[in-house]
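Analysis of the macromolecular model
For reference, the chains in residue letters:
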Amino acid sequence: MGCSNTKQFDYDDSNLDNYYVRVPVSPLVDKKSFMRQLGDLTNHRKVSEGEDRGIQRKWIRSVSIMDTRCLLTTREKFQLMKSWKGITRNLGHTGLNMFVRMFEIHEDIRTYFNITGKKAFVDIRQNDKFMDHVILVMHTLDEAITGLGEVDYVQEMLRGVGRSHKQLQNFHFLIFERIEEPFIFAVKETLGDRFSANMDNIYRKTIKFIVKELAMGFNEPSLCRSSGDR
Ligand code: HEM
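Residues numbered from 1 in each chain as written. Predicted model: local features only at pLDDT ≥ 70, side-chain atom pairs only at ≥ 80, totals over all residues.

Under an unreviewed UniProt entry, the name given to the chain is Globin domain-containing protein, and the source organism is Pinctada imbricata.

Below, the structure written as structure tokens:
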């Protein structure tokens, strides 16, 4: 069928800035004549077959579809994945930075990892529970960001992680929000000059989406089977 509601995209992995959206074409409209009409509209002259492709690519390149689940466009997702590669090379360092920053702003978080008093950075690193959690968090963030091509899967995965925090005493879903600012702080520090205003906006939208999904998972009612269910 030529007509479909789903828009797919291809991209050339060697240059993530270049991606082409396959626009669904109605079965009643021949693609060539459609592109010729488009050329006529934009150029007011007849275009050759060779030019057709150029116009098609230029036009299609400007199309970026918003994913309403995570509020990122296809273009932003690719920019994010490309930028995130810089973080994956320094995952542990970025994670440590993020949590140390969070401890600075929200001292009470330390109690979840049995860190008492104003321990120095070196001491914090000796805490296995804390260090294991840094790794868990960074791997979760990595899976979420690199998996944004499959948002349904990412949502399910993050909600599961959010649910797992229910077992923690005195934990509240709003505590997840506290990761937002330290996340931006740590990403910015790791990326340095590569952290532009545009990337700031993309990372902020991304961490808000992640926090929202964690909180949703935390707030989902538990699926307890009572004897009456059978
Ligand atoms: C923001 C404040 C957070 C606090 C205070 C917190 C605290 C904790 C604690 C105390 C545990 C149990 C660790 C253990 O028993 O060794 C845990 C588990 C875990 N946390 Fe967090 N967490 C936070 C945020 C996050 C975030 C943002 C993520 C992911 C993006 C995350 C991912 C995980 C995972 C994957 C586990 C393991 C769950 C399991 O055992 O199934 N946490 N968290």
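**Quick look at the overall build of the chain**
Scanning the chain for helices and strands turns up nine helices and four strands. Along the chain, helices and strands appear, N-terminal first, in the series β-β-α-α-β-β-α-α-α-α-α-α-α. Long-range pairs, those at least 24 residues apart, make up 62% of the contacts in the chain with a sequence separation of at least 6. (Helix = DSSP H or I, 4+ residues; strand = E, 2+ residues; numbered from the N terminus. Contact = placed C-beta atoms within 7 Å.)

**A closer look at the site of the ligand**
Taken together, 18 residues surround the ligand, and among them Tyr 112, Leu 136, Val 137, Thr 140 and Ser 164 come closest. Among the elements that line the shell around the ligand, the one with the most residues is helix 6 (residues 128-146), at seven residues. Its residues assigned to classes, the shell around the ligand comprises 11 nonpolar, four polar and three charged. (Near = placed C-beta within 6 Å. Nonpolar A, V, L, I, M, F, W, Y, C, P; charged D, E, K, R; others polar.)

**Topic: the environment of Glu 181**
Note on placement: Glu 181 falls in helix 8 (residues 180-191). Classification of Glu 181 by C-beta neighbours within 10 Å gives partly exposed; the count is 16. Residues Glu 181 and Met 98, 83 residues apart in the sequence, show an inter-C-alpha distance of 8.7 Å. (Buried ≥ 20, exposed ≤ 12 C-beta atoms within 10 Å, placed from the backbone.)

**Overview of helix 6**
What sets the pattern is the α-helix's 3.6 residues per turn: residues three or four places apart point alike. Taking 1.5 Å of rise per residue, the 19 residues of helix 6 would be expected to cover 27 Å, and the 27 Å separating its terminal C-alpha atoms lies within 8% of that figure. Buried within helix 6 we find Val 134, Met 138, Leu 141, Ala 144 and Ile 145. Summarising the axial view, the buried residues of helix 6 lie within an arc of 125°, below the 170-degree limit, and thus occupy one face. Facing away from the buried side of helix 6 by over 90 degrees, the exposed positions are Asp 128, Lys 129, Asp 132 and His 139. In this structure, the buried residues of helix 6 make contact with helix 3 (74-88), helix 4 (91-105), helix 7 (151-164) and helix 9 (197-219). (Expected span 1.5 Å × (residues − 1). Arc of directions from axis to C-beta.)

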